Amino acid sequence: MSNLDFNIDNLVRDNVKNLKPYSSARDEYISDGSRKIFMDANESPFDNGLNRYPDPQQRLLKKKIADRFDMATSQILLGNGSDEVLDLIFRGFCEPGSDNIITMPPTYGMYKVLAGVNDIENREVCLTTEFELDLEAIFSQVDENTKLIMLCSPNNPTGNRFSDDDLKSLLTQFRGLLVLDEAYIDFSDKASWVSQIKEYPNLIVTQTLSKAYGMAGIRLGICYASESIIEILNRIKPPYNINQLSQQSAMKRLESVDVIADQVSEILREREKLIVQLGEIPFIEKIYPSDANFVLVRVDDADRRYSQILNRGVVVRNRSNLPLCENTLRFTVGTAEENRQLIQILKSI
Ligand SMILES: *Cc1c(COP(=O)(O)O)cnc(C)c1O
């Protein structure tokens, strides 16, 4: 069942609706290799491999990404990290000073920061103590100015994934946009929701090359949504937001499908090993199940354990200041050798 009340025109900010985007030199003449002399963009004419502006629409890279999911490049927007993608979604749809979004702590901290930067009210509806969605509480916070529900699944920092039924309820009953952050989807045994954007016009899925793809350094975030949503985001994105080096590295990395699959399998094996071994550490009181490349644990005294681990040379994340996360530490799964050292250190404390 699709959401009949959904209408994208009711959600776009007025200034964006009326905006005439900047048209760059490479937007006005898209190089197809047939012209040899470029005197339109005030670039340096001396070839060093990077003297020309990159493709503002990243067509080759988008094509490569689109082919993985059998979708059109017009359903994809690329950003300088997911953080830029998320910021564009805020700027496209949320009216500063009057609109609101809903987030479900404990979750990724950037949603709240972006709401603050864009002057959007952030309505927080905590997860249940089992880290599940409280749908009733979420819907009770929705009003006519609620533009976005931000959902991270598998969730950071809790590591769990939310049920398909809960996502379906949100998608069918909410008139705004559901932004589903799938940064960790490659570590989950459940399928991505990307294929569902045809079914649900109010679904935006974001992914990143920063985690499973091992490319955090190039900053590449991916946004999948209906053509009409992508068209709006394209209007407001900075013209050359993905630099040439990042486009090239991403193209190359996406060809290494087997390497990436092997690395993901290794991380999953290591995650299971780590979970077993963490169970033998006396001061670890609870280990939360994980569909991601990290494990959240509850300890007796997080501040004390954090500094003990740090003093022995390993940096982990203390998540204790988040709601429902008192005395928790988050361990990113490392290489087999790094995990062995972590366990050895934990045992020595
Ligand atoms: C790491 C992470 C991202 C990735 O952000 P990038 O800007 O693409 O590096 C996005 N969402 C969540 C929840 C994350 O944990």
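The notes below deal with the structure included here. Each chain has its residues counted from 1, following the order in which its sequence is written. Residues qualify for local features only when their pLDDT is at least 70, as the model is predicted, and side-chain atom pairs are given and counted only at 80 or more; totals for whole chains, interfaces and linings, by contrast, use all residues. Only hydrogens and water are set aside; all other atoms, that is, all heavy atoms of the structure, feed into the side-chain values.

Runs of H or I in DSSP of at least four residues are treated as helices and runs of E of at least two as strands, each being numbered from the N terminus. Each helix and strand counted, the protein chain has 12 helices and 11 strands in total. At 22 Å, the protein chain has a C-alpha radius of gyration in line with the 20 Å of a compact globule built from 349 residues. Summarising its shape, the C-alpha atoms of the protein chain cover approximately 70 × 50 × 35 Å along the three principal directions. Throughout this description, buried means an accessible area under 20% of the type-specific maximum (1.4 Å probe, protein chains only), exposed means over 50%, and partly exposed covers the range between. Expressed as a percentage of its 349 residues, the buried residues of the protein chain come to 50%. Within the protein chain, contacts between residues at least 6 apart in sequence are counted, and of these 68% link residues at least 24 apart. Under the convention used here, a 1.4 Å probe and the Shrake-Rupley method define accessible areas, while residue burial counts only the protein chains that appear. Looking at the protein chain as shown, the accessible area adds up to about 16,800 Å², and 49% of this sits on carbon and sulfur atoms. A gap of 5 Å separates the mean positions of the 40 positive and 51 negative side-chain charges of the protein chain. For this measure, only C-alpha atoms enter the radius of gyration; the expected value for a globule follows 2.2 Å times N^0.38, where N is the number of residues. We call two residues in contact whenever any of their non-hydrogen atoms come within 4.5 Å of each other. Think of it this way: Lys and Arg go in the positive column, Asp and Glu in the negative one, and His and the chain ends go nowhere. We put the charge of a Lys on NZ, of an Arg on CZ, of an Asp on CG and of a Glu on CD.

For the rest of this paragraph, the subject is the site of the ligand. Around the ligand there are 13 residues in total, and Asp181, Tyr184, Ser210, Lys211 and Arg219 lie nearest to it. In this structure, Thr208 approaches the ligand through a side-chain N or O atom, which is 2.7 Å from an oxygen atom. Protein contacts shield 93% of the accessible area of the ligand, which totals 390 Å² for the unbound molecule. Proximity is defined per residue: if any heavy atom of the residue lies within 4 Å of a molecule or strand, that residue is considered near it. Between N or O atoms, a polar contact is any pair within 3.5 Å; within protein, one atom must be a potential hydrogen donor and the other a potential acceptor, and residues adjacent in sequence are included only when both atoms are from side chains.

Any two strands are treated as partners once DSSP identifies two or more bridges connecting them. Overall, antiparallel pairing links the four strands, which are arranged S8-S9-S11-S10 in an open sheet. On the outer flanks of this sheet lie strand S8 (284-287) and strand S10 (317-318), each paired with one strand and no other. When S10 meets strand S11 (residues 328-332), the two strands line up antiparallel, connected through two bridges. Paired with Asn318 across the bridge in S11 is Leu329. Note on geometry: axes are lines fitted to C-alpha atoms, helical ones only across the stretch in contact, with angles between N-to-C directions running from 0 to 180 degrees. Contacting strand S9 (294-299), S10 and S11, helix H11 (residues 302-311) runs over the sheet at an angle of about 35° to S11.

Moving on, we come to the sheet that holds strand S3 (residues 121-124). Taken in spatial order, the seven strands line up as S1-S7-S6-S5-S4-S2-S3 in an open sheet, and their pairing is mixed. Every interior strand has two partners, whereas the edge strands, strand S1 (76-79) and S3, have only one. Direction aside, the axes of adjacent strands within the sheet are offset by 25° on average. Taken together, the four bridges between strand S5 (residues 177-181) and strand S6 (residues 203-208) define a ladder with parallel strand orientation. Its bridge partner being in S6, Leu180 is matched across the sheet by Val205. Its contacts with the sheet put helix H3 (residues 59-69) on S1, S6 and strand S7 (221-224), and the angle it makes with S1 is roughly 125°.

Moving on, we get to the side chain of Thr146. As for its position among the elements, Thr146 is in strand S4 (residues 146-152). Judged by its relative accessible area of 4%, Thr146 is buried. Engagement of the side chain of Thr146 in a polar contact is seen with the side chain of Asn100, the distance being 2.7 Å. Side-chain polar atoms of Thr146 contact the backbone nitrogen of Asp143, separated by 2.9 Å. In this structure Thr146 touches Asn100, Ile102, Arg123, Gln141, Phe174 and Gly176, once residues within four positions along its chain are discounted.

Turning to H3, a few remarks are in order. Every buried residue of H3 is listed here: Leu61, Lys62, Ile65 and Ala66. Buried residues of H3 fall within an arc of 130° about the axis and therefore sit on the same side. Residues of H3 that are buried in the fold lie against S1, S7 and helix H9 (244-255). Asp70 sits one or two residues past H3 and shows a positive phi near 55°. This arc is built from the directions going out from the helix axis to the C-beta atoms.

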